[in-house]
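Chain by chain, the residues:
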Amino acid sequence: VTLITAVVAVIRGRRATVVRILRTYVVCAVCYFAVDFASAYLRPQRVIPMNTPWCFDEWCLTVTRATHSVKGDSQTYNIGLELFSQARRKAQHANGAWVYLIDDLGRRYAPDSNSSDVPLNTLLQPGESIRASRRFTVPANVREIGLVTGHGGPYCGVMSILIIGSAGCLFNKPTLVRLQ
């Protein structure tokens, strides 16, 4: 609305109004992002315990198990997941849902490709739950590892930066389920 008002003021030849509108807009944006980044920097990392639901509105994911094995220069994590809907009336799914393992240095590890895996964006009826699993292979020297998840955009994408307090990924403090 602010930018449309500025465009209308430009068309009408009111340059002083345009400058005032844009200056106010920039000051407000700088203040907003200062609060956003400060809150993400100052808040402690949120660690969700295993077997605890991690919900995004009415779509939830729970890490139900994590098994670990080491073989040579790599280690494998088999992660059990439960996807469920808290909705009461409407079917739910998480468009663009993803999971990664992440280490203490912020390095992400994608799940191993497996065409038989239950898709994370499966449509769930109200109250429905399904079980899924993902397998991850990571280097043997990785010690602190957790699972991060989200949907609708990439890890540490624009939405995580626009929502106050959600930019913990910028400071290597994403919300996660600790596996070790």
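Residues numbered from 1 in each chain as written. Predicted model: local features only at pLDDT ≥ 70, side-chain atom pairs only at ≥ 80, totals over all residues. Heavy atoms only, no water.

## A closer look at the packing of helix H1 (residues 2-11) against helix H2 (residues 15-42)
- The interhelical angle for the contact between H1 and H2, taken along N-to-C directions, is 160°, at an axis separation of 9 Å. The orientation of H1 with respect to H2, classified from their angle, is roughly antiparallel. Crossing of H1 over H2 shows left-handed handedness. Only Thr-17, Val-18, Ile-21, Leu-22 and Tyr-25 of H2 make contact with H1, whose side of the interface consists of Thr-2, Leu-3, Thr-5, Ala-6, Ala-9 and Val-10.
- Of the residues contributing to the contact of H1 with H2, the split by class is eight nonpolar, three polar and no charged. (Axes fitted to C-alpha atoms, helices over the stretch in contact; angles between N-to-C directions. Helix = DSSP H or I, 4+ residues; strand = E, 2+ residues; numbered from the N terminus. Parallel < 35°, antiparallel > 145°, perpendicular 65-115°, else oblique. Left-handed = near helix turned anticlockwise from the far one by under 90°. Contact = heavy atoms within 4.5 Å. Nonpolar A, V, L, I, M, F, W, Y, C, P; charged D, E, K, R; others polar.)

## Digging into the sheet that holds strand S2 (residues 59-71)
- The strand order S1-S2-S3-S6 describes an open sheet built from four strands, whose pairing is antiparallel. Looking at the sheet topology across the chains shown, the edges are occupied by strand S1 (54-56) and strand S6 (129-139). Going across the sheet, the axis of each strand differs from the next one's by a mean of 25°, ignoring polarity.
- As paired strands, strand S3 (residues 74-85) and S6 are joined by eleven bridges and run antiparallel to one another. In the sheet register, Leu-83 faces S6, and the bridge partner there is Ile-130. (Pairing = 2+ DSSP bridges.)

## Details of a nonpolar patch on the surface
- Together, Leu-3, Leu-22, Tyr-25, Val-26 and Val-30 make up a nonpolar patch on the protein surface, roughly 450 Å² of accessible area in all.
- Sorting elements by how many residues they give to the nonpolar patch places H2 first, with four residues.
- Note that Tyr-25 resides in helix H2.
- Overall, Tyr-25 belongs to the partly exposed group, its relative accessible area being 39%. (Patch = residues over 30% accessible without salt bridge, like charges linked within 9 Å, V, L, I, M, F, W, Y side chains within 5 Å. Areas by Shrake-Rupley, 256 points an atom, 1.4 Å probe, with all protein chains shown as cover. Salt bridge = Lys/Arg side-chain N within 4 Å of Asp/Glu carboxyl O. Buried < 20%, exposed > 50% of the residue type's maximum accessible area, 1.4 Å probe, protein only.)

## Details of the environment of Val-63
- With respect to the secondary-structure elements, Val-63 resides in strand S2.
- Each C-alpha atom of the pair Val-63 and Ile-79 lies 7.0 Å from the other, and the pair is 16 residues apart in sequence.
- Discounting residues that sit within four places of it in the chain, Val-63 has contacts with Met-50, Asn-51, Ile-79, Gly-80, Leu-81, Leu-147, Val-177 and Leu-179.

## Remarks on the state of the cysteines
- Overall, the coordinates contain two disulfides when judged by the stated rule.
- Bridging Cys-55 to Cys-60, the disulfide has an S-S length of 2.0 Å. What sets the handedness of the Cys-55 and Cys-60 disulfide is the S-S torsion sign, and at about 105° it is right-handed.
- Since its relative accessible area comes to 32%, Cys-55 is described here as partly exposed.
- The disulfide partner of Cys-156 is Cys-169, and the gap between their sulfur atoms is 2.1 Å. Residues Cys-156 and Cys-169 are joined by a disulfide whose S-S torsion is about 80°; by sign, that bridge is right-handed. Of the two residues, Cys-156 sits in the loop between strand S7 (145-150) and helix H3 (158-162) while Cys-169 sits in the loop between H3 and strand S8 (177-178), which places them 13 residues apart along the sequence.
- The exposure class of Cys-156 is partly exposed, given its relative accessible area of 24%.
- Accessibility expressed as a relative area gives 15% for Cys-169, which makes it buried.
- In the protein chain, the cysteines engaged in disulfides, taken in order along the sequence, are linked 1-2, 3-4. (Disulfide = S-S within 2.5 Å.)

## A look at the nonpolar core
- Ranked by size, the top nonpolar core spans 25 residues in total, and within it Leu-101 and Leu-147 carry the most contacts.
- Counting residues per element, the ones that place at least two in this core are S2, S3, strand S4 (98-103), S6 and S7.
- Here Leu-147 is in contact with Trp-54, Leu-61, Val-63, Ile-79, Val-99, Tyr-100, Leu-101, Phe-136, Thr-175, Leu-176, Val-177 and Leu-179, once residues within four sequence places are set aside.
- Counting residues in each nonpolar core, the second largest holds six residues, with Ile-102, Tyr-155, Cys-169 and Leu-176 among its members. (Core = buried A, V, L, I, M, F, W, Y, C linked by side-chain atoms within 4.5 Å.)

Without other data, these values stay purely geometric and don't point to any function.
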